[in-house]
Amino acid sequence: MYPVPVAGVRELLVTSGSTMAAAEVARQMSEGARNLSLSGHVGFDSMPDQLVNKSVCQGFCFNILCVGETGLGKSTLMDTLFNTRFEGDPAAHNQPGVHIKSNNYELQESNVRLKLSIVNSVGFGDQINKEESYKSIVEFIDAQFEAYLQEELKIKRTLHNYHDSRIHVCLYFIAPTGHSLKSLDLVTMKKLDSKVNIIPIIAKADSISKNELQKFKIKIMSELVSNGVQIYQFPTDDETVAEINGTMNAHLPFAVVGSTEEIKIGNKMMKARQYPWGTVQVENENHCDFVKLREMLIRVNMEDLREQTHARHYELYRRCKLEEMGFKDTDPDNKPFSLQETYEAKRNEFLGELQKKEEEMRQMFVMRVKEKESELKEAEKELHDKFDRLKKLHQDEKKKLEDKKKSLDDEINAFKQRKTAAELLQSQAQQSGSQQTLKRDKERKNFF
C-alpha cells in the first residue's frame, strides 16, 4: 500500500458527469423533445453526484505500459509522475528476450482510491536481433483483452468487482538522439497502435539542446505520419477541455525529465537534476514538458484513456475474436442476425462438420481395414509360398539323402562281396599253401 496523491481524479469525475449531462440535453434538443418547466424541485439533477459517489466508493483502476530501451528512465519517470517511490525488485537485463513485468499498487488522494498497474518491458532493445522484440508486448496486451473477454462470455459474470488489467495507455520512451526514430521504434509503435493508446515521449530531454529538441519533435511527428502510426490524440470534442487538449496535441511528443531528488531552489524544495553547469527543474515548463504530461495523462484525460481502451481497442479485439469464432450480426442478405440464430447456425455447421469428419474417419477406417486385409492376405500368400518352397526343398533333400543312402548301401554290399571273395581267396590260398607244404614234406621223407 502506497498512499500518495494522484492529481485531479475528483475533477475528472465531475467533468465526466457534467459532460454526460450536457450530451444528454443536446441529444434531447436534437430529437425535438419539448422542454417542460417544473413546478417544484424533483431531484434528478443529483444524478451526477450519485454517479460520483458510486464511482468513488468503487475506486478506479489505471494501467500504464512503459515501453523503451534500457536506461531511458522509465522507472524514475513513474516515481516522479505519482510523487512516490514504487518499491520493486530490480530487473535483470541479461535475458535472451523481452520480459514483461507488472507491478500493482493502491494509491489514495483525498477520498479517491486508485488501483495502479505499472507494466514495464524489461530488456526491450537489448538484443542483437531485435526483430521480435515487440511480440511479447503484443501478446501481453492481447492476454489482458482475452481475460476480460472470457469474463464477459461467462454465464455468471462479476464485472462489477473484476480487476481490469487492460492497458489504458502506453508511454513510449524515445531516445534523445536528435536525428530520427529508430526502426525498432517505428515497427513497435505500428504493431501497438491498434491495441493501445500510445503517447510518445522523449526521455531525458535535458541531454539535447532546445533548438535540436524542437526539430527532433517535428521529425518524429512527420515520421509517424509518413509510416501510418496512429498515436493517441487528446480529445477536442468536449468544449470544456477542447482548448487545452488542442494546444497540447501540438506539443506531442512530450520531452520529459524525471527525478525523485529534491533540491532547494530559493525558498522551495523542488524536484530537479543537478549538473555542473546548472539545475534542471522537473516541474518547470521552460525546462521540460513533465507538467504537461502529468496534466494530460492524469488530471484531464485519464477517463478518456480508459474509455478509448474499452470502446475502441477492446471492441476491435472482441469483434475480431467473435468473427473468428463464427459469430456475426447480419446474414448473407445483410439482415439482422440474432445471437440465437448465430448460435444455431454455428451449432448446425459444427454438427455438419462433425458428421463429415465422422464419415471421413469411417471411410478411412474401412480403407485401412481393407489395406490391412490385403496386407495380411499378401503375407499369408507369402507364407504359403515359403512353406511350399521349404516343403519342396525338404523333399528334394530327403530324396537326395535316400539316393545317397542307397548308394552307400550298394557300396557296403559291394564291399562285403569283395571282402567275402577276398577271404575266400585267402582261405583257398592258405589251403593250397598247406597242401604244397605237406607234399614237399612227404617228398622229403620219401627221399630219405
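Notes on the structure in this doc start here. A quick note: this is a predicted structure, and the numbers were derived from the prediction, not measured.

## Details of the overall build of the protein chain
Next, step 1: Each helix and strand in the protein chain was counted, giving 10 helices and nine strands.
Next, step 2: Taking the contacts inside the protein chain whose residues are at least 6 apart along the sequence as the reference set, 70% of them involve residues at least 24 apart.
Next, step 3: Looking at the protein chain as shown, the accessible area adds up to about 29,800 Å², and 52% of this sits on carbon and sulfur atoms.

## A few points about the nonpolar core
Next, step 1: Counting 82 residues, the largest nonpolar core has L171, I199, F254 and L297 as its most contacted members.
Next, step 2: Excluding its chain neighbours within four sequence positions, the residues that come into contact with L297 are F62, L81, V169, L171, I199, M302 and L305.

## Considerations on the pattern of salt bridges
Next, step 1: Tallying each qualifying case throughout the model produces 20 salt bridges.
Next, step 2: Where R273 meets D206, a salt bridge forms, and the shortest distance between an N and an O atom there is 3.9 Å. Taken together, the residues span a long stretch of sequence, with R273 in strand β8 (residues 268-275) and D206 in the loop between β5 (198-202) and α6 (210-226) at a distance of 67 residues.
Next, step 3: Since its relative accessible area comes to 19%, D206 is described here as buried.
Next, step 4: Each of K217, E285, D289 and K292 takes part in a single network of salt bridges with overlapping partners.

## Thoughts on the sheet that holds β8
Next, step 1: Here we have three strands laid out as an open sheet, ordered β7-β8-β9, and antiparallel in their pairing. The sheet is open, and its two edges are formed by β7 (262-265) and β9 (278-281), each paired on a single side. Strand-to-strand twist in this sheet, taken as the mean axis angle between neighbours without regard to direction, amounts to 65°.
Next, step 2: Two elements, β8 and β9, share four bridges in a ladder whose sense is antiparallel.

## What to know about the packing of helix α4 (residues 135-152) against helix α9 (residues 302-324)
Next, step 1: Here α4 crosses α9 at 80°, and the two axes come no closer than 10 Å. As the angle between them shows, α4 and α9 are arranged roughly perpendicular. Contacts between α4 and α9 pair D142, F145, E146, Y148, L149 and E152 from the former with T309, H310, H313, Y314, Y317, R318 and K321 from the latter.
Next, step 2: Class assignment of the residues belonging to the contact of α4 with α9 gives a composition of five nonpolar, three polar and five charged.

## Some thoughts on the side chain of D238
Next, step 1: Following the sequence through the fold, D238 ends up in the loop between α6 and α7 (242-249).
Next, step 2: No salt bridge is formed by the buried D238. Its closest oppositely charged neighbour is R299, at 13 Å.
Next, step 3: Side-chain polar atoms of D238 contact the side chain of T240, separated by 3.0 Å.

## Quick word on the sheet that holds strand β2 (residues 99-109)
Within a beta sheet, neighbouring strands are joined by backbone hydrogen bonds and run either parallel or antiparallel to one another.
Next, step 1: Across the sheet, which stays open at both edges, the six strands sit in the order β2-β3-β1-β4-β5-β6 with mixed pairing between neighbours. Two strands bound the open sheet, and with one partner strand each, they are β2 and β6 (254-255).

## A look at helix α3 (residues 74-81)
Next, step 1: With respect to burial, α3 is a largely interior element, six of its eight residues being buried.
Next, step 2: Considered for burial, the residues of α3 that qualify are K74, L77, M78, D79, T80 and L81.
Next, step 3: If you follow the buried residues of α3, they end up packed against β1 (60-67), β3 (112-122), β4 (169-174), β5, β8 and α8 (290-300).
Next, step 4: Just downstream of α3, N83 is the residue with a positive phi angle, here 55°.

## Considering the pairing of β7
Next, step 1: Here β7 runs beside β8; their pairing, made up of four bridges, is antiparallel. Each residue of the ladder has a partner; that of K264, found in β8, is M269.

## Notes on a negative patch on the surface
Next, step 1: A contiguous patch of negative charge, built from E378, E382, D385 and D388, is present on the exposed surface.
Next, step 2: Structurally, D385 can be placed in helix α10 (residues 339-447).

The rules behind each value
- Residues numbered from 1 in each chain as written.
- Predicted model: local features only at pLDDT ≥ 70, side-chain atom pairs only at ≥ 80, totals over all residues.
- Heavy atoms only, no water.
- Helix = DSSP H or I, 4+ residues; strand = E, 2+ residues; numbered from the N terminus.
- Contact = heavy atoms within 4.5 Å.
- Areas by Shrake-Rupley, 256 points an atom, 1.4 Å probe, with all protein chains shown as cover.
- Core = buried A, V, L, I, M, F, W, Y, C linked by side-chain atoms within 4.5 Å.
- Buried < 20%, exposed > 50% of the residue type's maximum accessible area, 1.4 Å probe, protein only.
- Salt bridge = Lys/Arg side-chain N within 4 Å of Asp/Glu carboxyl O.
- Pairing = 2+ DSSP bridges.
- Axes fitted to C-alpha atoms, helices over the stretch in contact; angles between N-to-C directions.
- Parallel < 35°, antiparallel > 145°, perpendicular 65-115°, else oblique.
- Nonpolar A, V, L, I, M, F, W, Y, C, P; charged D, E, K, R; others polar.
- Lys, Arg positive; Asp, Glu negative; His and termini not counted.
- Polar contact = N/O pair within 3.5 Å; in protein donor to acceptor, adjacent residues only side chain to side chain.
- Patch = residues over 30% accessible without salt bridge, like charges linked within 9 Å, V, L, I, M, F, W, Y side chains within 5 Å.
- Charge placed at Lys NZ, Arg CZ, Asp CG, Glu CD.

Scope: geometric values only; no functional claims are made or implied.
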